[in-house]
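For reference, the chains in residue letters:
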Amino acid sequence: VMKLLLLLLAAVAVFATAQAQHIEFKWRGFYVAGGYDHAMNLNKTPYDDNVAFNGFTVASGFQFRKETGLGIGASYMRDATGAFSQMPIFLELRSHYLRSRLTPFTTIYVGYSLPLGSSSGGSESVQIKAGGVTSGANVGVRYAVSRKFGIHAYVGYQELYMNKVNRKIGGRLAETQPLLLHNLKFGVGLNF
């Protein structure tokens, strides 16, 4: 998947240099950015949970200038077992650094992640009972297809803290404890 992201970034860079026409993406006003995300856990958890998420993120806000935009967003994060699926809601600071067709960007965000009430199955199940703080930062590139439409790709870090995670062993509640996940996250999407 990382190779796919690098290939996409290379394709965007080649396409951008092949374009002779200068198009500057709107740099002031309301914005919407959204797309597909993939995140994988990097830290070792007490039960060796192997957590990977697929999902979608949408953020909307106001770009005051090219360097500064403030917005609010939400993600849908689903893991294969269903046990750690959640919905982070966050505030973001979005920055673009060049007034050109291809520009690097960063986002920094903080918010709260809500559990979706799902659980892994069987007698050895895991379920988030109380969400917690989420935060992170992304670095990427945006390519302006037109003045009001662009595509982006990014890589970043995300921290997910869950205040209460229930674990059943042999069908009985074994323990309830908090859990912190450190995720490597990447994705592609659209800008409006």
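Preceding this paragraph is the structure being described.
Figured I'd write up the structure that's included with this text. Bear in mind the structure is a predicted one, so any value in this text is a computation, not a measurement. (Residues numbered from 1 in each chain as written. Predicted model: local features only at pLDDT ≥ 70, side-chain atom pairs only at ≥ 80, totals over all residues. Heavy atoms only, no water.)

1. Considering the packing of aromatic side chains
- According to the stated counting rule, one finds 5 aromatic pairs in the structure shown.
- Between Tyr36 and Phe56, the ring centres sit 6.4 Å apart and the planes meet at 75 degrees, which makes this aromatic pair edge-to-face. Linking Tyr36 in strand β1 (residues 29-41) with Phe56 in strand β2 (residues 52-65), this pair joins segments that are 20 residues apart in sequence.
- Relative accessible area serves as the criterion here: at 34%, Tyr36 is assigned to the partly exposed category.
- Classification of Phe56 as exposed rests on a relative accessible area of 53%.
- Ring centres of Phe90 and Tyr109 lie 5.3 Å apart, and the angle between their planes is 50 degrees; on these two criteria the pair is classed as tilted. Of this pair, Phe90 sits in strand β4 (residues 86-96) while Tyr109 sits in strand β5 (residues 102-115), and the two are 19 residues apart along the sequence.
- Connected via pairs of aromatic rings, a cluster forms that spans Phe30, Phe62 and Phe64.
- Lying over the aromatic face of Trp27, Arg99 brings its terminal NZ or CZ to 4.0 Å of the ring centre. (Phe/Tyr/Trp six-rings, centres within 6.5 Å; stacked < 30°, edge-to-face > 60°. Helix = DSSP H or I, 4+ residues; strand = E, 2+ residues; numbered from the N terminus. Buried < 20%, exposed > 50% of the residue type's maximum accessible area, 1.4 Å probe, protein only. Lys NZ or Arg CZ within 6 Å of the ring centre and 35° of its normal.)

2. As for the pairing of β4
- Note that strand β3 (residues 68-79) and β4 share 7 bridges and pair antiparallel. In the sheet register, Gly71 faces β4, and the bridge partner there is Glu92.
- Counted between consecutive antiparallel strands, the loop separating β3 from β4 contains 6 residues, among which Gly82 sits at a positive phi close to 90 degrees.
- Direction of pairing for β4 relative to β5: antiparallel, over a ladder of 11 bridges. Considered in β5, the bridge of His96 is made with Phe105. (Pairing = 2+ DSSP bridges.)

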